[in-house]
Amino acid sequence: MGEASAKKEAVKYMAEREALYQEALAQGFTVTDEEVWDYLDTLNETINQADNKEDALKIMEQFATEQDYWDFEFLVYQKNLPIQKYVQHKCQEFMLTTSLEASDEAWRQHLFFQRDCR
């Protein structure tokens, strides 16, 4: 992918993410700071047990300190977790109103991007 295409895709991704975040908030899907830190603690444990732990550590090394990395992730997951809650809710709603044979295309039309509900 060239630079122009990559930039276009990044802008599209961020616009979709922000739209989902705003819809999640509008529908009442929020998180507390404690929920985010608990999630990050679990993520840290997962990273430390992963076979590719070194890859994650290389990413962390791009920050001045490990805490700076986790502070950045905190900001990311302040948005990601409400989105995840909202998408899970929409997924459950979709599965209750659609047969199990529903196509992925039907799900994309339901929430404007593909997610695996099963």
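Bear in mind that the values here come from a model prediction, so they are computed numbers and not experimental data.

Participant: Looking at this structure, how should I read the pattern of salt bridges?
Facilitator: Should the charged atoms of two oppositely charged side chains come close, the side chains can pair. What the rule picks out here adds up to three salt bridges. The shortest N-O distance in the salt bridge between glutamate 18 and lysine 79 comes to 2.4 Å. One end of the pair, glutamate 18, is in helix 1 (residues 3-26); the other, lysine 79, is in helix 4 (residues 66-97), with 61 residues separating them in the sequence. Looking at glutamate 18, the relative accessible area reads 28%, which means it is partly exposed. Lysine 79 sits in the partly exposed class, given a relative accessible area of 24%.

Participant: Even after reading the chapter, I still don't get the side chain of arginine 17, so can you show me in this structure?
Facilitator: Tracing the sequence through the fold places arginine 17 in helix 1. No salt bridge is formed by the buried arginine 17, whose closest oppositely charged neighbour, glutamate 18, lies at an N-O distance of 5.3 Å. Among residues more than four places away in sequence, those in contact with arginine 17 are Val76, Lys79, Asn80 and Ile83.

Here is what the cut-offs are and how they apply
- Residues numbered from 1 in each chain as written.
- Predicted model: local features only at pLDDT ≥ 70, side-chain atom pairs only at ≥ 80, totals over all residues.
- Heavy atoms only, no water.
- Salt bridge = Lys/Arg side-chain N within 4 Å of Asp/Glu carboxyl O.
- Helix = DSSP H or I, 4+ residues; strand = E, 2+ residues; numbered from the N terminus.
- Buried < 20%, exposed > 50% of the residue type's maximum accessible area, 1.4 Å probe, protein only.
- Lys, Arg positive; Asp, Glu negative; His and termini not counted.
- Contact = heavy atoms within 4.5 Å.

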